[in-house]
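# Breakdown of the fold
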Amino acid sequence: MSYLRTIRTIGHTSAFARHPHRTVVARSTITPGHFQVVSQRHFSYEATVAGFWQTLSQSAPVAYVQQGMINLHDLTGLPWWATVILTTVGLRTLVTLPLAVYQNKILARLEQISLEMPELIKELKAETAYAMKKFNWTEKEARIMYNHSLKKQWNNLIVRENCHPAKTMVLLWGQIPLWIVQSVAIRNLVSMLPDPTAIEAQIAYTELTLGGFGWIPNLTELDHSLIFPVALGVINLSIIEIQAASRTKLPSKLQTIFTNLFRGLSILMVPIAASVPSCLCLYWVTSSAYGLGQNVLLLSPRVRRAVGIPAVPSELTHPYQHIRSMFAAKLGALSGRLGPNNQHPPPSTKA
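Numbering of residues starts from 1 in each chain and follows the order in which that chain's sequence is written. Residue-level local features of this predicted model are given only where pLDDT is at least 70; pairs of side-chain atoms are given and counted only at 80 or more, and the full residue set underlies all totals for whole chains, interfaces and linings. No hydrogens and no water enter the side-chain calculation; it runs on all heavy atoms of the structure.

The criterion, for reference: UniProt positions are given in the numbering used here, feature names are shortened, and annotations may be inferred rather than shown by experiment.
Per an unreviewed UniProt entry, the chain goes by the name Membrane insertase YidC/Oxa/ALB C-terminal domain-containing protein and belongs to Anopheles quadriannulatus. The chain has a UniProt comment under Subcellular location (unreviewed entry) that states "Membrane". The UniProt entry for the chain carries the following comment under Sequence similarities (unreviewed entry): "Belongs to the OXA1/ALB3/YidC family."

Right, here's the structure in full:
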């Protein structure tokens, strides 16, 4: 109640300062009930957020990952920094790598069936023109039947190849929950959750304070050198630029918007990573580095054939040479814009 009394006092004082001859009106407009409603909403919001994070922190997936990391650390005798890296590589190999391969298979199948569409479209147009003459269809009726038949043919191809476009998001469906669960599990270890009085939680926390390396001996502290946060931003930007450079077609407006959005998020992650414990930042860097290697590996035609991804026209024959030349062209254009040859000439000294 002292908090509410303070707010009321400040509100009445400021109203009196603004209108010294209308103190009664000022007092009557700011009522205790108003602040009570605002405070109830504020505390209700905080309680909702706190309840959500508590539920997530105590969820079964987080508990399994957290206990698995503790068991791996105890079983192998590795320091905690190596345990975080090994757990990240293991989970991504078991979960996200198969999903990435499956997603690439779906994308390849969609591209293959799209190559069949021009011939089908040609046949449908001929059939529609014949039906217009035979059944006296109007152009509107013919267009409706044509679109219906075209959609039906496309759906038949999707069913035949089992490649619904929604499956192209399967990697995100697996990667984002895994990223959240492991991040919360590491947060739990740092905060000794869900039970700070448990001996196991206190031992894990103590080992984290001694389980670092190099410039971060204490994994519960921030990375004051900013090496990991900057590395995270660079790796994420590299993933985005490699994906953009590997496209063989001009990007659509939507693709350009998402590319720029992810570039902004990659830069935004740098200050966020600088504000979290270094063990969590280490996990983020390891996960992003694995994602970078995964993307680069799945560009190779030899690797794609080995894992069963069919060949498609958009596939790069020499992907690494192509990406290297694209990066070289971008760097050349950037240096050309910043170079002395493109600076404005000095003003003339002639009269």
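## Side note on the overall build of the chain
This is how it is decided: Working definition: helices are DSSP H or I runs of at least four residues, strands are E runs of at least two. Numbering for both runs from the N terminus. Each residue gets one of three labels from its accessible area relative to the maximum for its type: buried under 20%, exposed over 50%, partly exposed in between, using a 1.4 Å probe on protein chains only. Only the protein chains shown count as covering a residue, and every accessible area follows the Shrake-Rupley method with a 1.4 Å probe.
Counting its regular elements, the chain contains 14 helices and zero strands. Listing every helix and strand of the chain by position from the N terminus yields α-α-α-α-α-α-α-α-α-α-α-α-α-α. Within the span of the chain, comprising 351 residues, buried residues form 32% of the whole. Carbon and sulfur atoms make up 66% of the accessible area of the chain, which totals about 22,300 Å².

## Some details on the nonpolar core
Most often, soluble globular proteins keep nonpolar side chains buried together rather than apart. Condition: The nonpolar core is taken to be a set of buried Ala, Val, Leu, Ile, Met, Phe, Trp, Tyr and Cys residues, with the residues joined through side-chain atoms within 4.5 Å. Residues are treated as being in contact if the distance between any of their heavy atoms lies within 4.5 Å.
The biggest cluster of nonpolar side chains holds 31 residues, and the ones touching the most others in it are Met-69, Trp-80, Val-84, Ile-186, Leu-189 and Trp-284. Sorting the residues of this core by element identifies helix H4 (60–76), helix H5 (80–114), helix H8 (170–191), helix H9 (199–210), helix H10 (227–245), helix H11 (253–273) and helix H12 (278–297) as the ones contributing at least two each. When residues in this core are grouped by element, the largest group, seven residues, is from H12. Residues contacting Trp-80, with those up to four places away along its chain left out, are Met-69, Ile-70, His-73, Leu-189, Ala-204, Glu-207, Leu-208, Gly-211 and Leu-219.

## Let's talk about the confidence of the model for the chain
Rules: Per residue, pLDDT measures the predictor's confidence, with a range of 0 to 100.
Considering every residue of the chain, the mean pLDDT works out to 85; 82% of them sit at 70 or more. Looking across the chain, the model is least confident in helix H1 (residues 2–18), with a mean pLDDT of 37, and most confident in H12, with 97. Below a pLDDT of 50 lies the segment residues 1–30, which in the model reaches 13 contacts outside its immediate sequence neighbourhood of four places, other chains included. Predicted confidence is poor over residues 344–351, with pLDDT under 50, and the contacts of this stretch with residues over four places away or in other chains come to zero contacts.

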